[in-house]
Amino acid sequence: MRESLLIILLVATGFICSCTKIQTFSPEPEITYKSFRVVDTVEKEYNLKVGYLSFRFIDGDGDIGWEDGDDLPPDNPEGLNLFFTTYEMIDGEFVKVPDSLSYSIPYLKNEGPNKVVKGEIKVKITYVDDYDTIMYEFFMIDRALHQSNIESTPPLVLK
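The rules behind each value
- Residues numbered from 1 in each chain as written.
- Predicted model: local features only at pLDDT ≥ 70, side-chain atom pairs only at ≥ 80, totals over all residues.
- Heavy atoms only, no water.
- Helix = DSSP H or I, 4+ residues; strand = E, 2+ residues; numbered from the N terminus.
- Buried < 20%, exposed > 50% of the residue type's maximum accessible area, 1.4 Å probe, protein only.
- Contact = heavy atoms within 4.5 Å.
- Areas by Shrake-Rupley, 256 points an atom, 1.4 Å probe, with all protein chains shown as cover.
- Pairing = 2+ DSSP bridges.
- pLDDT = per-residue confidence, 0-100.

A. View of the overall build of the protein. A tally of helices and strands in the protein yields one helix and eight strands. Reading the protein from its N end, one meets helices and strands in the order α-β-β-β-β-β-β-β-β. Expressed as a percentage of its 159 residues, the buried residues of the protein come to 33%. For the protein, the proportion of contacts with a sequence separation of at least 24, taken over those separated by at least 6, is 66%. Roughly 10400 Å² of accessible area belongs to the protein as shown, and the carbon and sulfur atoms make up 55% of that amount.

See the structure below:
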């Protein structure tokens, strides 16, 4: 009796697991802006500010970030995969700032048959309070060098 119950449970478990649908999404990463928060730092005499950007991401083939030992692209030997363009408001118009920001998102991998990786990324940006109002555009790339869509923040009033 116990053996038959165990067999029934194993068969039922196998049936339930086989019915789990594998999610499919585009192999190109997709990002969605969530929020940006600006705070003063304890070094107020230096006019330092910290911004916290949050955005959601999803990648259908789950290849975000480079693992130690991966061959990095020749034009990206640091393994950067999150890129920002900063715009400053001047006379009511946003003008591109020459300096750009780049970050490296750590290696992410989803084990199992479902390779999709998704989640939320929070980026801390520290900068000198040189601007009144800025805006960021940002995108990410995956290991296959697929580029995500470009997202942007709303205007960020710093002063």
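B. Structural detail: the environment of Ile-150. When you line up the elements, Ile-150 lands in the loop between strand S6 (133-140) and strand S7 (151-152). Spatially, the C-alpha atoms of Ile-150 and Phe-83 are 9.7 Å apart, while their sequence positions differ by 67 residues. Look past the residues within four positions of Ile-150 in its chain and what remains in contact with it is Glu-137, Phe-138 and Phe-139.

C. Looking closely at the pairing of strand S4 (residues 93-103). Relative to S4, strand S3 (residues 82-90) runs antiparallel, the two sharing eight bridges. Bridge assignment links Ile-90 to a residue of S4, and that residue is Glu-93.

D. Broad picture of the confidence of the model for the protein. Chain-level statistics for the protein give a pLDDT mean of 80 and a share of 81% at 70 or above. Low pLDDT, under 50, characterises residues 1-19; the stretch is placed with zero contacts to residues that sit more than four places away or in other chains.

E. The arrangement of the pairing of S6 in detail. Most of S6 is tucked away: six of the eight residues are buried. Relative to strand S8 (residues 156-157), S6 runs antiparallel, the two sharing two bridges. Paired with Thr-133 across the strands is Val-157, a residue of S8. Here S6 pairs with S7 via two bridges, running antiparallel.

F. Region of the structure containing the environment of Phe-36. Along the chain, Phe-36 turns up in strand S1 (residues 30-40). On the basis of relative accessibility, which here comes to 12%, the residue Phe-36 falls in the buried class. Once residues lying within four places of it in the same chain are set aside, the contact partners of Phe-36 are Gly-51, Tyr-52, Leu-53, Ile-125, Tyr-127, Tyr-136, Thr-153 and Leu-156.

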